[in-house]
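Close look at the chain arrangement
These are the residues of each chain, in order.
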Amino acid sequence: MSKKFARSAIALGSNMGDPQRTLAAALETLAQTPGIILEAKSSWYRTKAVGPPQPDYLNGCSILQVEISPQALLTSLLAIEQKFGRVRREHWGPRTLDLDLLLYDDLILNEPNLQIPHPRMHERAFVLVPLAEIAPNWREPLSGCTIENLLQEVDRSDVHLVKDE
Ligand SMILES: Nc1ncnc2c1ncn2[C@@H]1O[C@H](COP(=O)(O)OP(=O)(O)OP(=O)(O)O)[C@@H](O)[C@H]1O
Ligand SMILES: Nc1nc2c(c(=O)[nH]1)N=C(CO)CN2
């Protein structure tokens, strides 16, 4: 019997330690996780931090094919964050690794520990620029807008492609 996969989009970010290495290792760990296949990954982008003053971030996005539920995927993402030494400090403060679940097919989910689509994705150029690179026509189910359309509404001047990857 063929297996039923869902598609999910995730965002990756890091601004402590060695971000490029951490993000690459996080993707590798995800790809080795049972029930998750890495379908696509964006380039990395150097982005000005949103929130309290802190170093620039390296951000990117990835598309996954998943056989696991949204909650199970979140659990995997949080475990990988822990593995790479994330210490939770101030709200929106610096971190070695941040993994956000952005989209899961066209699902809308409002659970206490998990909201899909990610409630702030539509306003974040550091999410929309890399996501538009790999999924420009995916529709954010709350607005019905494509990622490409959402990107046109934000200022992308603080998001710069990292060329040496
Ligand atoms: N779509 C989602 N993706 C990831 N975490 C989510 C999502 N929806 C809710 N959460 C909850 O948010 C918690 C993570 O909060 P965290 O402190 O990392 O937020 P943040 O990364 O600082 O800010 P932001 O959520 O704005 O990116 C997770 O433990 C999870 O329960
Ligand atoms: N540029 C940028 N700024 C941020 C980021 C991030 O990934 N990139 N993550 C945050 C907390 O989730 C807060 N601010």
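Residues numbered from 1 in each chain as written. Chains lettered and ligands numbered in written order. Predicted model: local features only at pLDDT ≥ 70, side-chain atom pairs only at ≥ 80, totals over all residues. Heavy atoms only, no water.

Check the secondary structure of the protein chain and you find four helices and eight strands. Counting from the amino terminus, helix and strand elements in the protein chain follow one another as β-α-β-β-β-α-β-β-β-α-α-β. Relative to a compact globule of 165 residues, whose C-alpha radius of gyration would be 15 Å, the protein chain shows 15 Å and is just as compact. Judged by the C-alpha coordinates and their principal axes, the protein chain covers about 50 × 35 × 35 Å. Counting all 165 residues of the protein chain, 48% fall into the buried class. Of the contacts formed within the protein chain by residues at least 6 apart in sequence, a portion of 68% connects residues at least 24 apart. As displayed, the protein chain offers around 8600 Å² of accessible surface, 51% of which is attributable to carbon and sulfur atoms. Taking the 17 positively charged and 21 negatively charged side chains of the protein chain as two groups, their mean positions are separated by 4 Å. (Helix = DSSP H or I, 4+ residues; strand = E, 2+ residues; numbered from the N terminus. Rg over C-alpha atoms; globule rule 2.2 N^0.38 Å. Buried < 20%, exposed > 50% of the residue type's maximum accessible area, 1.4 Å probe, protein only. Contact = heavy atoms within 4.5 Å. Areas by Shrake-Rupley, 256 points an atom, 1.4 Å probe, with all protein chains shown as cover. Lys, Arg positive; Asp, Glu negative; His and termini not counted. Charge placed at Lys NZ, Arg CZ, Asp CG, Glu CD.)

What follows is about the site of ligand 1. Near ligand 1 lie 15 residues; those nearest to it are Leu101, Asn113, Gln115, Arg120 and Arg124. Within the backbone of Gln115, one N or O atom sits 2.8 Å away from a nitrogen atom of ligand 1. Between ligand 1 and the protein, one listed contact pairs an oxygen atom with a side-chain N or O atom of Arg124 at 2.7 Å. Protein burial of ligand 1: of its 630 Å² of free accessible surface, 81% is covered by the chains. (Near = heavy atom within 4 Å. Polar contact = N/O pair within 3.5 Å; in protein donor to acceptor, adjacent residues only side chain to side chain.)

Here the focus is the pattern of salt bridges. Pairing between side chains becomes possible if they bear opposite charge and their charged atoms approach one another. Per the stated rule, a full pass over the model turns up three salt bridges. Between Arg7 and Glu39 there is a salt bridge; the shortest N-O distance is 3.0 Å. Of this pair, Arg7 sits in strand S1 (residues 6-14) while Glu39 sits in strand S2 (residues 36-41), and the two are 32 residues apart along the sequence. In this structure, Arg95 and Asp98 form a salt bridge, with 3.7 Å as the shortest nitrogen-oxygen distance. In terms of burial, Arg95 and Asp98 fall into one category: buried. (Salt bridge = Lys/Arg side-chain N within 4 Å of Asp/Glu carboxyl O.)

For the structure on display, the rule yields zero aromatic pairs. When the ring centre of Trp138 is taken as origin, the NZ or CZ atom of Arg7, which lies over that ring, is 4.9 Å away. (Phe/Tyr/Trp six-rings, centres within 6.5 Å; stacked < 30°, edge-to-face > 60°. Lys NZ or Arg CZ within 6 Å of the ring centre and 35° of its normal.)

Moving on, we get to the UniProt feature "domain: 7,8-dihydro-6-hydroxymethylpterin-pyrophosphokinase" (unreviewed entry) in the protein chain. The UniProt entry lists residues 91-102 under the feature "domain: 7,8-dihydro-6-hydroxymethylpterin-pyrophosphokinase" (unreviewed entry), expressed in the numbering used here. The annotated region residues 91-102 carries 0% helix and 42% strand content, and the separation between its end C-alpha atoms amounts to 19 Å. (UniProt positions renumbered as here; feature names shortened; annotations may be inferred.)

All right, on to the site of ligand 2 then. Residues in contact with ligand 2, as listed here, are Thr47, Lys48, Ala49, Val50, Tyr57, Asn59, Trp92, Arg95, Asp98 and Phe126. The separation between a nitrogen atom of ligand 2 and a polar side-chain atom of Thr47 is 2.8 Å. One of the backbone nitrogen or oxygen atoms of Lys48 is found 2.9 Å away from a nitrogen atom of ligand 2. Among the residues making up the shell around ligand 2, the classes are represented as five nonpolar, two polar and three charged. (Nonpolar A, V, L, I, M, F, W, Y, C, P; charged D, E, K, R; others polar.)

We now examine helix H1 (residues 19-31). Taking 1.5 Å per residue, 13 residues should reach 18 Å; H1 reaches 18 Å between its end C-alpha atoms and fits that length. Taken residue by residue, H1 has Pro19, Thr22, Leu23, Ala26, Leu27, Thr29 and Leu30 as its buried positions. What you see down the axis of H1 is that its buried residues fit within an arc of 160°, all on one side. Among the exposed residues of H1, those pointing more than 90 degrees away from its buried face are Arg21 and Glu28. On its buried face, H1 sits against S1, S2, strand S4 (57-66) and helix H2 (70-83). (Expected span 1.5 Å × (residues − 1). Arc of directions from axis to C-beta.)

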